[in-house]
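# Coordinate analysis (summary)
Listed below, chain by chain, are the residues.
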Amino acid sequence: MTVFFIGAGPGAADLITVRGQRLIQRCPTILYAGSLVPEAVLEGHHAHTVVNTAELDLETIVDLLAAAHARGEDVARVHSGDPSLYGAIGEQIRHLRRLGIPYEIVPGVTATAACAALLGCELTLPEVSQTVILTRFASRTEMPEGEQLGDLARHRATLAVHLGVRQLPKIVAELLPHYGADCPIAVVHRASWPDQDWVQGTLADIVDKVAAKDFRRTALILVGRVLTAEAFADSSLYAPGA
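One numbering rule holds for all chains: residues counted from 1, following each sequence as written. Confidence filtering applies because this is a predicted model: local features only for residues at pLDDT of at least 70, side-chain atom pairs given and counted only at 80 or more, and all residues used for totals across whole chains, interfaces and linings. No hydrogens and no water enter the side-chain calculation; it runs on all heavy atoms of the structure.

Under an unreviewed UniProt entry, the name given to the chain is Precorrin-4 C(11)-methyltransferase, and the organism recorded is Azotobacter bryophylli. Check the Sequence similarities (unreviewed entry) section of the UniProt entry for the chain; it says "Belongs to the precorrin methyltransferase family." UniProt positions are given in the numbering used here, feature names are shortened, and annotations may be inferred rather than shown by experiment.

## As for the UniProt feature "domain: Tetrapyrrole methylase" (unreviewed entry) in the chain
Here the UniProt feature "domain: Tetrapyrrole methylase" (unreviewed entry) sits at residues 2-206. Between the C-alpha atoms that bound residues 2-206 the distance is 45 Å, and the span itself is 29% helix and 21% strand. The helix and strand labels rest on DSSP assignments: H or I over at least four residues marks a helix, E over at least two residues marks a strand, and numbering proceeds from the N terminus.

## Some words on the environment of Glu-174
Summarising the element assignment, Glu-174 is placed in helix 6 (residues 168-179). Between the C-alpha atom of Glu-174 and that of Asp-195, which follows or precedes it by 21 residues, the distance is 30 Å. Polar contacts involving the side chain of Glu-174 include one to the main-chain amide nitrogen of Gly-150, which spans 3.0 Å. Two N or O atoms form a polar contact when they lie within 3.5 Å of each other; inside protein one atom must be a possible hydrogen donor and the other a possible acceptor, and for residues adjacent in sequence the pair counts only when both atoms belong to side chains.

## With respect to the sheet that holds strand 6 (residues 132-136)
The strands making up a sheet associate through hydrogen bonds between their backbones, and the pairing can be parallel or antiparallel. Only strands that DSSP links by at least two bridges are regarded as paired with each other. Ordered in space as 6-7-10-8-9, the five strands form an open sheet in which the pairing is mixed. Looking at strand neighbours, the two that pair on one side only are strand 6 and strand 9 (197-202), the edges of this open sheet. On average, each strand axis in the sheet is inclined to that of its neighbour by 15°, with strand direction left out of account. In the sheet, strand 7 (residues 158-162) pairs with strand 10 (residues 219-223) via three bridges, with the strands oriented antiparallel. From the neighbouring strand, Ala-160 faces strand 10, where its bridge partner is Leu-222. Sheet strands touched by helix 4 (residues 111-119): strand 6, strand 7, strand 8 (184-189), strand 9 and strand 10. Its angle to strand 10, the strand with the most contacts, is close to 70°. The sheet strands contacting helix 7 (residues 206-213) are strand 8 and strand 9, and the helix crosses strand 9 at an angle near 160°. Angles run from 0 to 180 degrees between N-to-C directions of axes, and those axes are lines fitted to C-alpha atoms, restricted for helices to the stretch in contact. Contacts are assigned to residue pairs that have any heavy atoms within 4.5 Å of one another.

## Remarks on the pairing of strand 2 (residues 29-32)
Throughout this description, buried means an accessible area under 20% of the type-specific maximum (1.4 Å probe, protein chains only), exposed means over 50%, and partly exposed covers the range between. Burial along strand 2 is two-sided: the face carrying Thr-29 and Leu-31 and the face carrying Ile-30 and Tyr-32 are both buried. With four bridges joining them, strand 2 and strand 3 (residues 49-52) adopt parallel strand pairing. Note on strand 3: the bridge partner recorded for Tyr-32 is Asn-52. In this structure, strand 2 lies alongside strand 4 (residues 75-79), joined through four bridges in parallel fashion. Across the sheet, Ile-30 pairs through a bridge with Ala-76, a residue of strand 4.

## Some words on helix 4
Of the positions making up helix 4, those classed as buried are Thr-112, Ala-114, Cys-115, Ala-116 and Leu-119. Among the structural elements, strand 6, strand 7, strand 8, strand 9 and strand 10 are those in contact with the buried residues of helix 4. Within two residues after helix 4, Gly-120 carries a phi angle of roughly 70°, on the positive side.

## Quick notes on the packing of helix 6 against helix 7
Packing of helix 6 against helix 7 brings their axes to within 10 Å, and their N-to-C directions diverge by 165°. Considered as vectors, helix 6 and helix 7 are oriented roughly antiparallel to each other. The element helix 6 and its partner helix 7 pack so that their crossing is right-handed. On helix 7, the residues that touch Leu-168, Pro-169 and Val-172 of helix 6 are Ile-206, Val-207 and Val-210. Split into classes, the residues belonging to the contact of helix 6 with helix 7 amount to six nonpolar, no polar and no charged. Should an angle fall under 35 degrees it is taken as roughly parallel, and over 145 as roughly antiparallel, whereas 65 to 115 is taken as roughly perpendicular and any remaining angle as oblique. Two helices cross in a left-handed way if the nearer one is turned anticlockwise from the farther one by less than a right angle. They cross in a right-handed way if the turn is clockwise. All residues other than Ala, Val, Leu, Ile, Met, Phe, Trp, Tyr, Cys, Pro, Asp, Glu, Lys and Arg, Gly among them, are scored as polar; the first ten of these are nonpolar and the last four charged.

## So, a nonpolar patch on the surface
A surface patch of nonpolar side chains, about 410 Å² in accessible area, is lined by Leu-85, Tyr-86, Val-132, Leu-134 and Leu-163. Residue placement: Tyr-86 occurs in the loop between strand 4 and helix 3 (90-99). Each patch is built from salt-bridge-free residues with over 30% relative accessible area, joining like charges within 9 Å and nonpolar side chains (Val, Leu, Ile, Met, Phe, Trp, Tyr) within 5 Å. All accessible areas in this document rest on Shrake-Rupley with a 1.4 Å probe, and a residue is counted as covered only by the protein chains that are shown. A carboxyl oxygen of Asp or Glu within 4 Å of a side-chain nitrogen of Lys or Arg is what we treat as a salt bridge.

## Notes on the sheet that holds strand 5 (residues 103-106)
Strands sit in the order 3-2-4-1-5 across an open sheet of five strands; the sheet is parallel. Edge strands, defined here as strands with exactly one partner in the open sheet, are strand 3 and strand 5. Strand-to-strand twist in this sheet, taken as the mean axis angle between neighbours without regard to direction, amounts to 15°. Bridge count between strand 1 (residues 3-7) and strand 4: five bridges; the pairing is parallel. Its bridge partner being in strand 4, Val-3 is matched across the sheet by Val-75. Against the sheet, helix 1 (residues 18-26) contacts strand 1, strand 2, strand 4 and strand 5, and its axis sits at roughly 135° relative to strand 1. Of the strands in this sheet, strand 1, strand 2, strand 3 and strand 4 are in contact with helix 2 (residues 58-71), which crosses strand 2 at around 165°.

Below, the structure is given as structure tokens:
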């Protein structure tokens, strides 16, 4: 018996990996995070037990995993995006290890990748940015020392900020001294979902643009010169004689 932590991708049902889809279709027990994973991802399953864990606490979820283990049944534990990023799987894994229950992580398409695809841009460009920082804004959970947004902004790398759209004015204030008012920024709401929407601007005007859209949650913030760059060197990958 194995608990498979499956990344369902950013929202569109056809952005799940083939491996993840096959596991969902064959596992007799499915636990999925229904607030962020559309039911369409579960199509074709043959499970006798399907549980939406959106309203369940950690103890209840672990009990369900342990019960499936006692029955000798594989579990498809479905999370949004890639489960290794803000997936809250670490605390579940800690309990599984304590209980001696095997597990495996199945990667998924990240929200950052989906947003870049929607915006039609590459997040790493020669001479512009060769680094992408994925982070979140401190709210209920404090950031570790050295990981405050201002500390990360000093690198002026491409920045993906999760879980921060409600704090956008504070985020902009921390980024301005490092990126400059003319730095491009995009806020993408529910990338790859049927109701996806987005707005692009600069650090100088993005707060008003997002307020007009009324994005309040499930949005990713992308910051960096790569979003609009045109003057950059060609990659050496395809250079003659490379």
